[in-house]
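Geometric and topological summary
Letter by letter, the chains look like this.
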Amino acid sequence: MPCVSSTEFYFEKNNKEHRTDEISIKRLIVRRGLEFRIRVDFSQSGFNNGRIVLIAETGSRPSHSAGTQVLIPLSNSLDPNEWSATMKGCSSCEMSLIINSSPNAKIGRYTLKLHDATEEQAYVLGEFVLLFNPWCSEDEVFLDNAEQREEYVMNETGIIFMNTYNSIYSNPWIFGQFEEDIVDICLKLLDQNPKSLRSATGDYERRNDAVYISRVVSRMVNSADDKGILSGRWEEPYYPETRPTQWIGSVDILRKWFRSNCQPVCYGQCWVFAAVACTVLRCLGIPTRVVTNFQSAHDTNGNLTIDNVVDEHGRTIRNNRDSIWNFHVWIEAWMARNDLKSGFDGWQVLDPTPQEMSQGVYCCGPSPVKAIKERRLNVKFDVPFVYAEVNADVVDWIFYRDGRKEKTSLNTTNVGRKISTKAVGSREREDITANYKYPEGYHTHCLIHNIDELKHKEFVPKEKTFNLAVKTEECISVGKNIYAHVYIYNKIDKKIECNLNFSAEIILYTGKPMKECKTYNINGIVVGPNEEKTVPIELTYADYGKLLVEHSMIKLTAVGTDRSTNECNFATTVISLQIPSIDIKLLGEPVQYQKVKVEICIENPLLVPLKQGVLTVGGPGLIDVTQIRIDEIKGRHISAVFEITPWKSGTKELLVDFDCDQIKDVKGSKTMLVRRAMVCTTLPLIF
């Protein structure tokens, strides 16, 4: 057989047809179940195409039995359900081929060879990368909605919703799945999976399975028990590493992990773990979205009950293992569940934040959202844990100095509030709570209970003679005084006299108390029969300003005691102080390969200068993540100008984060249309 002299892979044309040209047009990256074209050039004429077989190999030890070595004989037509190839045309020294990969093929890096069936020799034609294909109806990740595919596969930026359910904050994020090196990093991530390190052959054999791949990613994004990407930390100190709130995208994190020989990147928290996992799965071709669960329960003992315990002064008991996070972020990936009985295809919860072990490792999912809603707690993977996160009951306790613990109330609606994701094609929030749970009080014969997990709640609260509530203004800016009101509702026909203890605590978003910033003790509050009494409380910036941690959350708790009956009740609210916004202006038209200036303006809400300021900016196709340091900022406004040079055209988004000693996590973004650069050609003069 004549020697192969070269191979034309038509990188730009093939990649464009496979929607991978945003990644690269310098190498072949294709999606499974879809044809691509190549041309093979020979050094001399005389080959016999009847003897030619193509070979596609993946993994370190390709095996026909494992499905990692595929023989592809030339045929008259393509088979859309199998690897197949057909000749489009040939001459004495070249051959044009159309190759179709199986919609169930292993994903990853392939070597393509040309083999003469009558000879031992095989010629290496080149390499290509094969990804999942949500556009192919036979692929298990097929998503039959063009707008959703654009959002959940192709969108390189997004929004992660954070803070509290009554004060939701939009945090812009750069997923950056189409930066050219990210696909290589994602494949490296799969290779670093302990299952692959123990048995590469067995691991590659399962790389056609979206359930398996997604579970590997859920494990490998955290480094709790392997050489995963992110190390988690939930409180100071972070220095000299990066605070979780300072990240603006996944690309820097993935690159740092890759360049450090797979050493964990410091530090991540739930939204960072989720966003990085979203980047990896979108890059590999699995439709993925980031989801926020407000008032998210962490049920450590599996009894579907969260104990909320305070002392008689309103301070949170620190040694309580159960907790309710003000928000928790995970991802959903779209796929068929061929490993389960019918009815569980579609969105699957995956949670890479290391909370509890699953089958001995720190990962979670994929859990079918449909199984969570229908209480099918025996469905794999990890449905009971996710079910508790959105459905657990909350029992309030008061812990007294003499060692007594008293249950005061049961709340069945506090957990799993305003479950949110970014709406398709817009920056708005989509509430998907109804995907996870029925309305409170709704009963249906379709619900199947696992008796061991859904235990009868024996606690029935006593009828109360009075109620408490703590309320504040809806929007409170950092730097302002906080004016709260404690409402005491007398429910009986005679007056009561109460003692009131009030506590204000700085907390993490996980609910963990950090520092107490104010307490009040007011005795002898008289409330008339069936009346309401309002007690005003003031918390100044001097009380809380220097104590704030990330997310600027303050927990206000009031404990009331009826002096005649010793009946105790308590009420709690969490406020998240609003931070200033960022105004981003373009000082010119953005054009591909041309510099354009950008101005950043931030209002200083404090009456003191801001020190040790850092601007972090980045945007896919616009500018790699860059930091600009500002030592001291005087006055009421912060202003900075810098240049970007877009290298991609089209609609792009610039993201900015500002941090200083006094204020952190100031975020902003700017969407812009980058005009394609004009291609200049010089025409020859005609005389």
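Note that the structure is predicted; figures quoted are calculated from it, not measured. (Residues numbered from 1 in each chain as written. Predicted model: local features only at pLDDT ≥ 70, side-chain atom pairs only at ≥ 80, totals over all residues. Heavy atoms only, no water.)

Let us now look at the overall build of the protein. If you tally the helices and strands in the protein, you get 12 helices and 36 strands. Counting only C-alpha atoms and orienting by the principal axes, one finds that the protein spans roughly 105 × 70 × 40 Å. In the protein, which comprises 687 residues, the share counted as buried stands at 55%. A separation of at least 24 residues holds for 67% of the contacts in the protein among residues at least 6 apart in sequence. Split by element, the accessible area of the protein, about 30100 Å² in all, is 47% carbon and sulfur. When the 81 basic and 88 acidic side-chain charges of the protein are each reduced to a single mean position, those positions are 2 Å apart. (Helix = DSSP H or I, 4+ residues; strand = E, 2+ residues; numbered from the N terminus. Buried < 20%, exposed > 50% of the residue type's maximum accessible area, 1.4 Å probe, protein only. Contact = heavy atoms within 4.5 Å. Areas by Shrake-Rupley, 256 points an atom, 1.4 Å probe, with all protein chains shown as cover. Lys, Arg positive; Asp, Glu negative; His and termini not counted. Charge placed at Lys NZ, Arg CZ, Asp CG, Glu CD.)

Within this structure, the stated rule accounts for 16 aromatic pairs. Judged by centre distance (6.2 Å) and plane angle (45°), the rings of W271 and F327 are tilted. Of this pair, W271 sits in helix α8 (residues 270–284) while F327 sits in strand β16 (residues 323–335), and the two are 56 residues apart along the sequence. According to the relative accessible area criterion, W271 is buried, its value standing at 1%. Three or more aromatic residues link up through ring pairs in this structure, and these residues are F36, W83, Y110 and F128. (Phe/Tyr/Trp six-rings, centres within 6.5 Å; stacked < 30°, edge-to-face > 60°.)

Oppositely charged side chains can form a pair if their charged atoms are brought close together. This structure, assessed with the given rule, holds 36 salt bridges. K512 is the salt-bridge partner of E235, the closest N and O atoms lying 2.5 Å from each other. Taken as a pair, E235 in the loop between β12 (230–232) and α7 (251–259) and K512 in the loop between β25 (496–507) and β26 (513–527) lie far apart in primary sequence, 277 residues in all. The class for E235 is partly exposed, based on a relative accessible area of 25%. (Salt bridge = Lys/Arg side-chain N within 4 Å of Asp/Glu carboxyl O.)

A few words now on the sheet that holds strand β29 (residues 568–576). The strand order β26-β25-β28-β29 describes an open sheet built from 4 strands, whose pairing is antiparallel. Pairing within the sheet leaves two strands with one partner each, and these edge strands are β26 and β29. Taking the axes of each pair of neighbouring strands and ignoring which way they run, one obtains an average angle of 15° across the sheet. (Pairing = 2+ DSSP bridges. Axes fitted to C-alpha atoms, helices over the stretch in contact; angles between N-to-C directions.)

Moving on, we come to unusual backbone geometry. Residue P237 is reached from E236 by a cis peptide bond, and omega for that bond is 5°. Topologically, P237 is positioned in the loop between β12 and α7. Backbone torsion omega between K380 and F381 reads 5°, so that peptide bond is classified as cis. Positive phi is not limited to glycine here, since Q359 has a value of about 50°. Relative to the helices and strands, Q359 resides in the loop between β17 (346–350) and β18 (367–368). Non-glycine residue N566 carries a positive phi angle of around 65°. Along the chain, the position of N566 falls in the loop between β28 (553–562) and β29. Exposure remark for N566: the relative accessible area of 55% places this residue in the exposed category.

Attention shifts here to the nonpolar core. I213, V217, L230, W271, L284, I286 and F327 are the most contacted members of the largest nonpolar core, which has 69 residues in total. Sorting elements by how many residues they give to this core places α8 first, with 13 residues. Not counting residues within four places of it along the chain, the set of residues in contact with W271 comprises I160, M162, N171, W173, P244, T245, F327, V329, Y509 and H551. I496, V535, I554 and L556 belong to the second-largest nonpolar core, a separate cluster that totals 31 residues. (Core = buried A, V, L, I, M, F, W, Y, C linked by side-chain atoms within 4.5 Å.)

Moving on: α8. The terminal C-alpha atoms of α8, which comprises 15 residues, lie 21 Å apart, in line with the 21 Å expected from a rise of 1.5 Å per residue. Within α8, 15 of the 15 residues are buried, which leaves it mostly tucked inside the rest of the structure. At the C-terminal side of α8, G285 shows a positive phi close to 105°. (Expected span 1.5 Å × (residues − 1).)

Looking now at helix α10 (residues 383–391). A large share of α10 lies buried, amounting to 7 of its 9 residues. Residues of α10 that are buried: V383, F385, V386, Y387, A388, E389 and V390.

The residue D493 is located in the loop between β24 (482–490) and β25 in this model. Counting along the chain gives 32 residues from D493 to I525, while the straight-line C-alpha distance between them is 17 Å. For D493, the residues in contact, after removing those within four places along its chain, are P529 and N530. Side chain to side chain, D493 and N530 meet in a polar contact 2.7 Å long. (Polar contact = N/O pair within 3.5 Å; in protein donor to acceptor, adjacent residues only side chain to side chain.)

Moving on, we get to the pairing of strand β34 (residues 637–644). By the alternation rule, side chains of β34 split into I638, A640, F642 and I644, which are all buried, and H637, S639, V641 and E643, of which none is buried. The pairing of strand β31 (residues 596–603) with β34 spans 8 bridges and is antiparallel. Opposite I600, over in β34, you have A640 as the bridge partner.

Looking now at the side chain of S420. When you line up the elements, S420 lands in strand β21 (residues 417–422). S420 gets classed as buried once you look at its relative accessible area, which sits at 1%. A distance of 2.5 Å separates a polar atom in the side chain of S420 from the backbone oxygen of K418. Reaching out from S420, the side chain makes a polar contact with the side chain of R429 at a distance of 2.8 Å. Non-local contacts of S420, meaning those with residues more than four positions away in its chain, are made with F161, V290, V291, T292, F294, R429, E430 and I432.

Burial analysis of β25 places 10 of its 12 residues in the buried class, the great majority of the element. Note that β25 and β26 share 11 bridges and pair antiparallel. The partner of E505 across the bridge, within β26, is E516. In sequence, β25 turns back onto β26 through a hairpin of 5 residues, with G511 there showing a positive phi of about 90°. Examined bridge by bridge, β25 and β28 share 10 bridges and lie antiparallel to one another. Note that in β28 the partner of N501 across the bridge is V559.

This part is about the sheet that holds strand β2 (residues 28–31). Strand order across the open sheet formed by 9 strands is β1-β3-β7-β6-β5-β4-β8-β9-β2, with mixed pairing between neighbours. Edge strands, defined here as strands with exactly one partner in the open sheet, are β1 (4–8) and β2. On average, adjacent strands in this sheet sit at an angle of 30° to one another, irrespective of strand direction. Relative to strand β9 (residues 122–131), β2 is paired through 4 bridges, and the arrangement is parallel. Counterpart to R31 in the pairing with β9 is L131.

Attention now moves to the environment of S358. The topology assignment puts S358 in the loop between β17 and β18. Linking S358 and R401, residues 43 residues apart in sequence, is a C-alpha distance of 38 Å. In this view, S358 contacts R215, C363 and D382; residues no more than four positions away in its chain are not counted.

Further remarks concern the confidence of the model for the protein. Detailed reading of the predicted model is not advised wherever pLDDT is low. Taken as a whole, the protein shows an average pLDDT of 91; of its residues, 94% reach a score of 70 or greater. Low pLDDT (under 50) marks residues 681–687, which in the prediction has 0 contacts with non-local residues, meaning those over four places away or in another chain. (pLDDT = per-residue confidence, 0-100.)

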